[in-house]
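# Structural characterization, general
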Amino acid sequence: MSNFWSLFITILALANIVGCFLLIRWTAKPRPGEASADQTTGHVWDGDLMEYNKPMPRWWLWLFYLTIIFALGYLLLYPGLGKFEGLLGWSQYDAYEEQVAEVEQRVAPLFAEYAATPIPALAENSDAMDTGRRLFANNCAVCHGSDARGATGYPNLTDNDWLYGGAPETITQTIINGRSGMMPGWKPVLGEDGVKEVAAYVYQLNGRTSPNPELVEAGKQRFAATCVGCHGMDGTGNQAIGAPNLTDDVWLHGGSIEQIRDIVANGRTNQMPAHGDLLGEDRVHVLAAYVYSLSHPDGAAATPSDSE
Ligand code: HEC
Ligand code: HEC
């Protein structure tokens, strides 16, 4: 805060208090000029309705004076007058830090217990999953949705279909370090027609019938020359680099022919931000178990394969 604003706030705050004091003094006294012999204000309504000109009761006045004394005391002890920090040295930041430390201390033993539990077992602990759900709502739902079903560009975490893999350690790594999915744009290489061909080929990989079968054959050649390095010979993808399976009708960026053409032409760099430093290992562990539980609803042990 600059000196000017500090002074501005100080003067404004004090002037208000002095103003209140003067206002009370002024309204508390009967006004000499207005008071008549019978102590009324002299105003008459409806022929006989008059108003006494009495000062306010003392106890009422003292309440006002007390609030003024309280305000001055408060401003002396706590920060309120511009840069002046108050005699107690109290600050919002310290108070916040203290509260955080207190909560941290209370939950630490609980998280330590969770940390020692393997993820598939933790995923069946309903208390831990309640905590996981809250952590997810606070940290992940903005992107993945409160139901974790994702949106265009943000993967669905409940369908057991994985870009990077759904094994417990893989999910943990994803949350700690984040991920970056890099699909290059191919328009400069393939040209508009080339993009149309290869998009037509991708369109029918999951069993749909392409409306342009003549493009598919040319697209197949293109795919084998350009795309297999990442998406694999059969188009089933590569979890090591997060290249999606193109044959399963689960689409990160949409499966219409226009959407496929768009991403093939222009590419996309998609970021899952790293959360390790932000949340710490113990919370990440609970979150990983929560994410794991979403695609293993009948209990972890019932589903032998972690990834597709
Ligand atoms: C700023 C948005 C954003 C936030 C916040 C976010 N994510 Fe993500 N997450 C993404 C994106 C985008 C991807 C896909 C990355 C890619 O395409 O390579 C992703 C991918 C993932 C994956 C990999 C899915 C797969 O199929 O392999 C997991 C698991 C995941 N996120 C969990 C979480 C969890 C848990 C949190 C909360 C701690 C979280 N994310 C917070 C955007 C976000
Ligand atoms: C360098 C590796 C790489 C190459 C080469 C590559 N891709 Fe990709 N592709 C990716 C990655 C990684 C993603 C996921 C992007 C993301 O995380 O958002 C992706 C995403 C896609 C998607 C979106 C899938 C979905 O679920 O929405 C399509 C379609 C696609 N690629 C088609 C192609 C085609 C066609 C080619 C060849 C012309 C190609 N890719 C070449 C890495 C690659």
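For the structure itself, consult the block above.
Presented here is an overview of the structure given in this document. Throughout, residues of each chain are indexed from 1 in the direction in which the sequence is written. The order in which chains are written sets their letters, starting at A; the order in which ligands are written sets their numbers, starting at 1. At least 70 in pLDDT is required for a residue's local features to be given in this predicted model, at least 80 for side-chain atom pairs to be given and counted, and no such filter applies to totals for whole chains, interfaces and linings, which use all residues. As a rule here, side-chain values cover all heavy atoms of the structure and leave hydrogens and water aside.

## A word on the site of ligand 1
Residues are labelled near a given molecule or strand when at least one of their non-hydrogen atoms is within 4 Å of it. Near ligand 1 there are 26 residues, and of these Cys140, Cys143, His144, Tyr164 and Met272 occur at the shortest range. Elements with a contribution of two residues or more to the shell around ligand 1: α6 (141-144), α7 (168-177), β3 (179-183), β4 (268-272) and α12 (276-294). When residues are assigned to domains, the shell around ligand 1 turns out to be shared by domain 2 (107-178 + 273-302) and domain 3 (181-272), each giving three or more. Secondary structure elements are defined from DSSP: runs of H or I of at least 4 residues count as helices, runs of E of at least 2 residues count as strands, and each element is numbered from the N terminus. Note: domain ranges come from an automatic or database domain assignment.

## As for the site of ligand 2
If you check the shell around ligand 2, you find 24 residues, and the closest are Met183, Cys227, Cys230, His231 and His253. In protein, a polar contact means a hydrogen-donor-capable atom and an acceptor-capable atom, both N or O and within 3.5 Å, with residues adjacent in sequence counting only if both atoms are side-chain atoms; elsewhere, any N or O pair within 3.5 Å suffices. One nitrogen or oxygen atom from the main chain of leucine 252 is found 2.8 Å from an oxygen atom belonging to ligand 2. The separation between an oxygen atom of ligand 2 and a polar side-chain atom of asparagine 270 is 3.2 Å. Broken down by secondary-structure element, the contributors of at least two residues to the shell around ligand 2 are β3, α8 (187-203), α10 (228-231) and α11 (257-266). When grouped by side-chain class, the residues that make up the shell around ligand 2 number 18 nonpolar, six polar and no charged. Lys, Arg, Asp and Glu make up the charged group, whereas Ala, Val, Leu, Ile, Met, Phe, Trp, Tyr, Cys and Pro make up the nonpolar group; the residues left over, Gly among them, are polar.

## Concerning a negative patch on the surface
Together, Asp94, Glu97, Glu98 and Glu102 make up a negatively charged patch on the protein surface. Relative to the helices and strands, glutamate 102 resides in helix α3 (residues 92-115). What goes into a patch is any residue over 30% in relative accessible area without a salt bridge, connected to like charges within 9 Å or, for nonpolar side chains (Val, Leu, Ile, Met, Phe, Trp, Tyr), within 5 Å. Here the open area of atoms and residues is found with the Shrake-Rupley method and a 1.4 Å probe, where only the protein chains shown may cover a residue. Salt bridges are defined as contacts in which a side-chain nitrogen from Lys or Arg sits within 4 Å of a carboxyl oxygen from Asp or Glu. Positive charges are assigned to Lys and Arg, negative charges to Asp and Glu, while His and the chain termini are left out of the count. Taken as the charge location is NZ of Lys, CZ of Arg, CG of Asp or CD of Glu.

## Some words on the pattern of salt bridges
Here the structure, examined in full by the defined rule, presents five salt bridges. With a closest N to O distance of 2.9 Å, glutamate 197 and arginine 222 form a salt bridge. Taken together, the residues span a long stretch of sequence, with glutamate 197 in helix α8 and arginine 222 in helix α9 (residues 213-226) at a distance of 25 residues.

## A word on the pairing of strand β1 (residues 40-45)
Here the rule is simple: two strands pair whenever DSSP picks up at least two bridges between them. Bridging between β1 and strand β2 (residues 49-52) involves three bridges; their strand directions are antiparallel. Paired with valine 44 across the strands is methionine 50, a residue of β2. From the end of β1 to the start of β2, which pair antiparallel, there are three residues, and aspartate 46 there has a positive phi angle of about 45°.

## Let's talk about the coordination of the iron atom of ligand 1
Only N, O and S atoms count as donors, using a 2.8 Å limit from the metal and a wider 3.2 Å limit for Na, K and Ca, and since water is excluded some coordination spheres may look unfilled. Here the iron atom of ligand 1 is held by His144 (NE2) and Met272 (SD), and the distances to it run 2.0 to 2.1 Å. Angular criteria define each label, namely tetrahedral for four donors with all angles between 85 and 135 degrees, square planar for four and octahedral for six donors with opposite donors over 155 degrees apart and remaining angles between 65 and 115, and irregular for whatever fails these tests. Taken together, the six donor atoms surrounding the iron atom of ligand 1 define angles of 89 to 180° at the centre, an arrangement classified as octahedral. Residue histidine 144 is located in helix α6, and its partner methionine 272 is located in strand β4; the two are separated by 128 residues in the primary sequence.

## A closer look at the nonpolar core
Working definition of a nonpolar core: buried Ala, Val, Leu, Ile, Met, Phe, Trp, Tyr and Cys residues. They are joined through side-chain atoms within 4.5 Å. Here's how the labels work: a residue is buried when its accessible area is under 20% of the maximum for its type, exposed when over 50%, partly exposed in between, all with a 1.4 Å probe on protein chains only. Residues Leu122, Phe136, Ile171 and Leu287 are the most contacted members of the largest nonpolar core, which totals 25 residues. If you list the elements that add at least two residues to this core, you get α3, α4 (119-122), α5 (126-139), α7 and α12. Top contributing element to this core by residue count: α12, with nine residues. Whether two residues are in contact is decided by their heavy atoms, any of which lying within 4.5 Å being enough. Excluding its chain neighbours within four sequence positions, the residues that come into contact with leucine 287 are Gly132, Leu135, Phe136, Cys140, Ile175 and Leu279. Counting residues in hydrophobic clusters, the runner-up holds 18 residues, among them Trp186, Leu205, Phe223 and Ile263.

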